[in-house]
Amino acid sequence: MRGRREFFVLSLQVMCAMKIKNRYIILAIAAAVNFVHGNPYIWTVFQPYMRQEFGVSVAGSSQPFTVIIGIFAVGNMIGGYLQHKIGAKKTILFGSYVMCAGFLLAAAAPYDMPWVVSLGYGAIGGLGSGCAYSLLVAVPQAWFPDKRGLVTGITMGIVGVSGVIMNPICDYVLASAGYRFSMMMVTIIYAVLCLGAFFIEEAPEEITVQGAGVAVREESFAQKQYTTREMMRTKVFYIICIMMALAVPAYVLVNPLMKSLGMERGLTNEQALIGVVIASFANIAGRFVIPWISDRTGCRSMIRLLYITASISVFGLTVARNRAFILFISLVCLVYGGVVSVFPVLVSKYFGMKYQSMNFGAVMIGYGIVSVLCPFLLEMAGQRMSFIIAGVSCVIGLLGTGLLKNK
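Summary of the structure given here. None of the values given here were measured: they were computed from a predicted structure. Position labels on residues start from 1 in each chain and follow its written sequence. The predicted nature of this model means local features are confined to residues of pLDDT at least 70 and side-chain atom pairs, given and counted, to a pLDDT of 80 or more, with totals for whole chains, interfaces and linings taken over all residues. Only hydrogens and water are set aside when side-chain values are computed; all heavy atoms of the structure are taken into account.

As for the overall build of the chain
Our working definition: The secondary structure listing takes helices from DSSP runs of H or I that are at least 4 residues long and strands from runs of E that are at least 2 residues long, numbered from the N terminus. We call two residues in contact when some of their heavy atoms are within 4.5 Å.
Counting its regular elements, the chain contains 16 helices and two strands. If you take every contact in the chain between residues at least 6 apart in sequence, the share linking residues at least 24 apart comes to 82%.

Focus on the packing of helix α10 (residues 235-254) against helix α13 (residues 299-316)
What counts here: With axes taken as lines fitted to C-alpha atoms, and helix axes fitted only over the stretch in contact, angles between N-to-C directions fall between 0 and 180 degrees. Geometric relationships in this document are graded by angle, where less than 35 degrees denotes roughly parallel, more than 145 denotes roughly antiparallel, 65 to 115 denotes roughly perpendicular, and other angles denote oblique. With the far helix as reference, a near helix turned anticlockwise by less than a right angle produces a left-handed crossing, and one turned clockwise produces a right-handed crossing.
Interaxial distance between α10 and α13 falls to 10 Å at its minimum, and their mutual angle equals 30 degrees. Regarding the angle of α10 to α13, the classification is roughly parallel. Regarding α10 and α13, the two cross each other, and that crossing is left-handed. Contacts from Met243, Met244, Ala247 and Ala250 of α10 reach α13 at Ile303, Tyr307 and Val314.

Describing the pattern of salt bridges
Quick reminder of the rule: For salt bridges, the criterion is a side-chain nitrogen of Lys or Arg within 4 Å of an Asp or Glu carboxyl oxygen. Only protein chains enter the accessibility calculation, which uses a 1.4 Å probe; a residue is then buried when its area is under 20% of its type maximum, exposed when over 50%, and partly exposed in between.
Following the criterion strictly, the structure yields three salt bridges and no others. Across the pair Lys89 and Glu201 runs a salt bridge, and its minimum N-O distance is 2.9 Å. With a gap of 112 residues between them, Lys89 in helix α5 (residues 88-107) and Glu201 in the loop between α8 (179-193) and β1 (208-211) connect regions that are remote in the sequence. In terms of burial, Lys89 and Glu201 fall into one category: buried. Here Lys224 ties to Glu230 by a salt bridge, and the two come within 3.7 Å at their closest N and O atoms. Taking relative accessible area as the criterion, Glu230 reaches 28% and is therefore assigned partly exposed.

A closer look at the nonpolar core
Most often, soluble globular proteins keep nonpolar side chains buried together rather than apart. Threshold: Among the buried residues, those of types Ala, Val, Leu, Ile, Met, Phe, Trp, Tyr and Cys that are joined through side-chain atoms within 4.5 Å form a nonpolar core.
Residues Ile240, Met244, Leu317, Phe343, Leu346 and Phe387 are the most contacted members of the largest nonpolar core, which totals 64 residues. When residues in this core are grouped by element, the largest group, 17 residues, is from helix α14 (residues 322-351). Non-local contacts of Ile240, meaning those with residues more than four positions away in its chain, are made with Phe343, Leu346, Val347, Tyr350, Phe351, Val363 and Leu404.

Some words on a nonpolar patch on the surface
The cut-off we apply is this: The patches reported here contain residues having more than 30% relative accessible area and no salt bridge. Joining distances are 9 Å for like charges and 5 Å for nonpolar side chains (Val, Leu, Ile, Met, Phe, Trp, Tyr). Surface accessibility follows the Shrake-Rupley procedure with a 1.4 Å probe radius. Residue values consider only the protein chains on display as shielding.
Side chains of Leu104, Met184, Ile188, Val192 and Leu195 sit close together on the surface and give an oily, nonpolar patch of about 410 Å² of accessible area. No other element matches the three residues that α8 contributes to the nonpolar patch. The partly exposed category is assigned to Leu104, whose relative accessible area is 41%.

Quick word on the packing of aromatic side chains
Put simply, the test is: Under the pairing criterion, centres of Phe, Tyr and Trp rings, with the six-membered ring standing for Trp, must be within 6.5 Å; the plane angle then separates stacked pairs below 30 degrees from edge-to-face pairs above 60, leaving the rest tilted. Geometrically, a charge over a ring is one whose NZ (Lys) or CZ (Arg) sits within 6 Å of the ring centre while staying within 35 degrees of the ring normal.
Across all of its chains, the model carries 12 aromatic pairs by this definition. With centroids separated by 5.6 Å and ring planes inclined at 80 degrees, the aromatic side chains of Phe54 and Tyr179 adopt a geometry described as edge-to-face. Of this pair, Phe54 sits in helix α3 (residues 43-54) while Tyr179 sits in helix α8, and the two are 125 residues apart along the sequence. On the basis of relative accessibility, which here comes to 9%, the residue Phe54 falls in the buried class. Taken together, the aromatic side chains of Trp43, Phe46, Phe54, Phe103, Tyr121, Tyr179 and Tyr190 make up a single cluster linked through ring pairs. Just above the ring of Tyr111 sits the side chain of Arg180; from NZ or CZ to the centre is 4.3 Å. Stacked on the ring of Tyr226, the Lys or Arg Lys224 has its end atom at 5.3 Å from the ring centre.

Here's the deal with unusual backbone geometry
A positive phi angle, near 50 degrees, is found at Asn322, a position not held by glycine. Mapped onto the elements of the fold, Asn322 is located in helix α14. Taking the relative accessible area as the measure of exposure, Asn322 reaches 36% and is therefore partly exposed.

As for empty space enclosed by the protein
In plain terms, the rule: Cavity means a closed set of points on a 1 Å grid over the protein atoms alone, one where a 1.4 Å probe fits but cannot get out, pocket means an open set with protein on both sides within 12 Å along at least 5 of 7 lines, and lining means a residue has an atom within 4 Å of a point. Grid points are joined across faces, edges and corners, and a volume is the space filled by probe spheres set on the points. Three categories are distinguished: nonpolar for Ala, Val, Leu, Ile, Met, Phe, Trp, Tyr, Cys and Pro, charged for Asp, Glu, Lys and Arg, and polar for the others, with Gly belonging to the last.
With the rule as written, the count across this model stands at two cavities of 30 Å³ or more. Roughly 60 Å³ of volume is contained in the largest cavity. What lines the largest cavity is Ala247, Ala250, Tyr251, Leu306, Tyr307, Ala310, Val332, Val335, Tyr336, Val339 and Cys394. The set of elements that each furnish at least two residues to the lining of the largest cavity consists of α10, α13 and α14. Among the elements that make up the lining of the largest cavity, the one with the highest residue count is α14 (four residues). The volume enclosed by the second largest cavity comes to roughly 30 Å³. If you go around the second largest cavity, the residues you meet are Ser134, Val137, Ala138, Gln356, Ser357 and Phe360. Of all the secondary-structure elements, those providing two or more residues to the lining of the second largest cavity are α6 (115-143) and α15 (356-381). Tallied by class, the residues present in the lining of the second largest cavity amount to three nonpolar, three polar and no charged.

A word on the state of the cysteines
The line we're drawing: Throughout, a disulfide means two cysteine sulfur atoms within 2.5 Å of one another.
Applying the stated criterion across every chain, the model contains zero disulfides. Between Cys194, a free cysteine, and Cys100, which holds the nearest cysteine sulfur, the sulfur-to-sulfur gap is 4.6 Å.

Some remarks on α3
Applicable threshold: By this rule, a helix spans an expected 1.5 Å times one less than how many residues it contains.
The first and last C-alpha atoms of α3 sit 15 Å apart over 12 residues, in line with the 16 Å expected at 1.5 Å per residue. Where α3 ends, the next residue or the one after it, Gly55, has phi of about 65 degrees, a positive value.

Quick notes on the environment of Gln63
Convention followed: Under the rule applied, a polar contact is a pair of N or O atoms within 3.5 Å (in protein, one hydrogen donor and one hydrogen acceptor; residues adjacent in sequence only if both atoms are side-chain atoms).
Note on placement: Gln63 falls in helix α4 (residues 58-86). For the pair Gln63 and Ser118, spaced 55 residues apart in the sequence, the C-alpha separation amounts to 6.4 Å. Within the local environment of Gln63, its side chain forms a polar contact with the side chain of Ser118, the two groups lying 3.1 Å apart.

Shown next, in the form of structure tokens:
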């Protein structure tokens, strides 16, 4: 037993001592670790089994998802703070395993204490996940000052891929082994993948890359490195924060209703399922492709196009039927994938990379608040009016782009 413990400690020391300097390897590792932070997407298959396991209502079984989304932005800010205290690698490891500890607690929740699932999966899991996620996006950005949109699309695109891969696996295991075993399985898979964080290294402060035969220093991309406090004193911060929040309702209101609403609009069960799959891939495509395009068009121009597309699509969903419904939900998901991938790039271009993880966490506060409020909007305003409100929000967001300089 002692020999095994010493071997384990030695292995950890060796992994910590390894210094990888190839930025493409670091990007690949960060993307692989970020796979685990697509964890909110698996709750759609866990929700009915939680109801069965604990005897709670639909609202009660939705609470863990609402909590993890709402608290995620707080975790982002904590991660950014810890990065400057203990470094990115230790922060990613800490956040990832806090998340795993929360999921383990959710797996062991007593039958008469369903709130423990919200505490474990939602609160603890959300804080840990947000803490690690913010750096898994920021660290690769710092290594690629010449391709920020592309690398952000890759690291955030893997989050979307995570849902597509994990959902059918979890669905199968849930049907055969139940809620507790499945949550434990997810925890173990994520804990193993998180070990990749041992190999993530922060970029030098003055990284030089070769592009088109010219050496480009990182400083030329960010004239001033804003702290979060400095950023929050600027008008641009509030414009960006509100703009990102305004893009949320279109997706959050549509996402849980995609299948059921599709069947109400004339689709068969099989067609509705196909529609959900197409929309999921559209979300992934938005995460990969749109930030890459924004490297060429500028973030403001791309965000403007996203808001136009979202406005047309969400207004269209108030009346769309059959194949038109699938088209519009796919466009809404494409836009959402683009929004969550382009805004981190926008923040880094306005406020610099040094405090990016904490700065983007602050920008996401509005995103988290609106995500939590959207179910209440749906309940109070009804489906049709909620979609109209979401469309109006996108129009306001579009107008907000006029207040920003192109970056």
